[in-house]
Structures are given as structure tokens and as C-alpha cells.
Amino acid sequence: MQQSGSPNPVRRKWLYAGAALVALAAAAWAARPLLLGPEVKVVTVARREVVQTVVASGRVETPLRVDIGSQVTGAIAAIPVAEGQPVKAGQILIELDHAEAAATAEQARAAVAQADARLRQLRQLSLPVAQQALRQAAANLDTAKRQYQRSEELFARGFIGQAALDEARRNLEVADSQHASASLQARSMADNGSDLLMATAALDQARAALRVAQSRLGYTSIRAPAAGVLIARNAEPGDVVQPGKVLMVLSPHGRTQLVVQLDEKNVALVRVGQSALASADAYPDDRFAARLAFINPAVDPQRGSVEVKLDVARPPSYLRQDMTVSVEIEVARRPDAVVVPTEALHDSASRAPWVLKVVARRLQRQPVVLGANGSGSTEIVSGLRPGDVVVADAGAGLGDGSRVRPVPAGERGQARRAAGGALPRLMPGA
């Protein structure tokens, strides 16, 4: 008879067998990573659009800034505008004291009136008088010639003496001299005559002096050369200004440009005409379109950068001169490219980049040729095809030929283990 406290041999046998099975299962589970390889996140190569951009920062500028100054010396009487105010073309910005300039202009205007009156006097009065005097002198000369001829005949016949003939000759000479003088006087007052030319020149000189005086008077009102916004003001009423001193700075309306400094290593990627998206640092969520308009041919040796300018066709209303902006220049667009995540690439900056391709659950080093790079994805020109599976993270520390358990990037290992450790469905050949 078996003692009541001792275990049943059959039962003990089953207990030992169960414990052995549990230990075997635990050992198999522990050895599972060694047999099947570690889990590794993978991605499937696909086709989609890739847009490569170059990012740079800079400032807002207008192509032209106008320094406003005075052309004459004077005291500022009034400044009817304020800094930051929009102004129209021709609007008065600064008024100088103009009392002296106005008096000089009035004096010059009076000199013009005097010279004009002198010219009109020559044409309307002096010239007709001179012409009448010439006609009278011509008549006197003709009379003196006839009298001299009769005197010569009478002297030849002996009716008059030598004294009478000499008197007739003297009268002829006087008449001839008077005629010559009247003729000169009339010619000097006629068209192209010296008196008329002098009077005309005096009038032109007086008019030129008037224009100078009026210009100096006009300089006392400093006006906006174009419509724009005053971005600086360096003068106050009462200041005495000198020519050459900048009193205001005007930013004219019109084309707005973004001037940015581009790293010289990206110069080969950009060209005039490329489109871009920009945003002001003060309004980072509002992006506006721009277009590359100029690439400076020189490189800044201190910063290793190249200055480029972009036109903004429709600048937002908040955009201000010298605002800091960030710019993304689109340098390449591939609408149907074979792409992989950039983080899947090994040695992407070298001449021989490569990826780890998954083939029959083993890793295979695959050289690739890269194309456009943008938004975390890189174009594969050759080396991979759509449907290929590659390791998603180049830093996973795995090597060529390693056996792995592929897991699509984004899935959680715990969820897979809870489901019984089933492997994800991959493309054929993975």
C-alpha cells in the first residue's frame, strides 16, 4: 500500500515533462532573434513627386532708395510729412525759408521786363525813326549832287567863282556823310543788326537769370521725386541745411525684391527664373511667391556666400523695407521619381552612396545614383526599382548579409508580438 504523503509516480512524470516543455519553449523563444534575426524597420521604394529646394535668408529691399537732400543752403521752415508716411510724386517734403530767393526772382523778372521793353523800343520806335532819317539823308544827298553838278557847269562858263564851287562840293560831302551815318544807324536796328542783336542778347540773358532765380526759389521746396514711403528722416524745422546732406530716405513704390545670401556650395543649383516661396520672420505662417531675378557673379570671401535677388510680383501689405525673410528656392522638381527616405541612405554626400536592400529576409548592400533631394526624400536615378524594400534607418548598425525580420516603418513591435509575432506582408522578394 502506497503512503498517502508520497507523490504519484505517473503524476510526477507528467510534471517533469511539462517543466521540460516550458523550459524548451522558453529557450526557443529566447533563441528566436538569433535564428530569425533582429527586427528592422523597412520602407518600400515607390514613385512620387520630389521637389528640391535651397533655403536661404535675407532682407526686403526695393531696387532703388532715394536719398533726399537740399540743393541750396537754407533754414528749414517746415516739414509737413512724417517718417513712415506714404507720399505722392511731387509732394512737398521739406520747405526752406525762401524770402531771399523770392526777392531775387522778382528782381530777375523786372530785368526781363526791362530788356523786353528795350527790344520792343528798338523795333517799334527807333528802327522806324532811323529808316525815316535814312530816306531824308538820301534825299539830301541827291539834292547836293544836283547842286554840285550845276555849280560845275556854271563855273565852266564863268558865271560863278571858285568859292561857290567849293561851297557846293562841301555841301555834297556833308550830305554823303549824313547818308552813310543814317544808313549805318538803320542797318544796326534792322534784323541781324548790332543794336538789335545786343538788345536780343540782353533779353536772353535776363531770361536766363530769371530761370536761375526761379530754380533757386524752387529748390526751397523739396519734393518727392516719386511715390513711395519715407523710411528715414534726419532733419527738423529750424535746422540749417547744406547741399549734400541726406535729410530723408525715400523707398519708392514699385518692384519689391528679396536680397538673400546663398551658400556658395548651392550656386550650381540655382538659375535666374526659378520660383521660390518666402515668408517674413514676423509672419512665418504666411508664405508668398517670388522669382529669382539676379545672381551676383562674385562670391563674398568672408562669408563664403553669393548674393541673389528675387522679385516679388505681389508683395503682401505687411511687407516692410529691411524685414528679415526666409526663402525656399525651388531648384528641381521630379513629378514621377523613384524615391527613398533620405535617412535610408549611406554615404549620401560621397560619390558612392548606397542603401541596404532586403532580399529574402537578408540585407544586401545596393549602390545607388542619387538625383533631386527634398522634404526628407531623395530621388534614386538608378539602383532601385519601385517595390524594392530597403532599411529605413541608415544608422541601424546592420551589415551586408545580415538576416533580419522586416517591419514596415511605423508599426510597433509590441503590437506584432501580441498578434503572435506574425511577420508583416512585404513585396515579393523581400
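Small disclaimer: the values here were computed from a predicted structure and weren't measured.

Novice: Is there a simple way to think about the confidence of the model for the chain in this case?
Specialist: The predicted structure's coordinates, where accompanied by low pLDDT, should not be read in detail. Looking at the chain as a whole, its pLDDT mean stands at 82, while 85% of the residues score no less than 70. Note that residues 412–430 has pLDDT below 50 and, in this model, 26 contacts with residues that lie over four places away or in other chains.

Novice: Sorry, what's going on with the pattern of salt bridges here?
Specialist: Overall, the coordinates contain 14 salt bridges when judged by the stated rule. In this structure, Arg-120 and Asp-116 form a salt bridge, with 3.1 Å as the shortest nitrogen-oxygen distance. Remark: Asp-116 and Arg-120 occur in helix H2 (residues 99–157); sequence separation between them is four residues, near one turn of the helix. Classification of Arg-120 by relative accessible area gives partly exposed; the value is 40%. A residue is classified by how much of its surface remains accessible, and Asp-116, at 25% relative accessible area, is partly exposed. One salt bridge connects Glu-167 with Arg-170, and the closest N-O pair in it is separated by 1.6 Å. In this pair, Glu-167 and Arg-170 both sit in helix H3 (residues 162–189), three residues apart, roughly one turn of the helix.

Novice: Hey, could you run me through the layout of surface pockets in this one?
Specialist: By rolling a water-sized probe across the atoms, one finds the places where empty space is left. Here the largest pocket is characterised by a volume of approximately 390 Å³. Lining of the largest pocket is provided by 16 residues; of these, Val-229, Ser-251, Leu-319, Arg-320 and Gln-321 occupy positions nearest its centre. For the lining of the largest pocket, the secondary-structure elements that each account for two or more residues are strand E8 (228–233) and strand E10 (246–252). Among the residues forming the lining of the largest pocket, the class breakdown is seven nonpolar, eight polar and one charged. There is about 280 Å³ of room inside the second largest pocket. If you trace the second largest pocket, you find 14 residues lining it, with Thr-73, Asp-97, Glu-100, Ala-101 and Arg-216 closest to the centre. Mapped onto the lining of the second largest pocket, the elements with two or more residues apiece are strand E4 (74–78), H2 and helix H4 (194–219).

Here is what the cut-offs are and how they apply
Residues numbered from 1 in each chain as written. Predicted model: local features only at pLDDT ≥ 70, side-chain atom pairs only at ≥ 80, totals over all residues. Heavy atoms only, no water. pLDDT = per-residue confidence, 0-100. Contact = heavy atoms within 4.5 Å. Salt bridge = Lys/Arg side-chain N within 4 Å of Asp/Glu carboxyl O. Helix = DSSP H or I, 4+ residues; strand = E, 2+ residues; numbered from the N terminus. Buried < 20%, exposed > 50% of the residue type's maximum accessible area, 1.4 Å probe, protein only. 1 Å grid on protein atoms, 1.4 Å probe; cavity = no way out; pocket = protein on both sides within 12 Å on 5 of 7 lines; lining within 4 Å. Points joined across faces, edges and corners; volume = space filled by probe spheres on them. Nonpolar A, V, L, I, M, F, W, Y, C, P; charged D, E, K, R; others polar.

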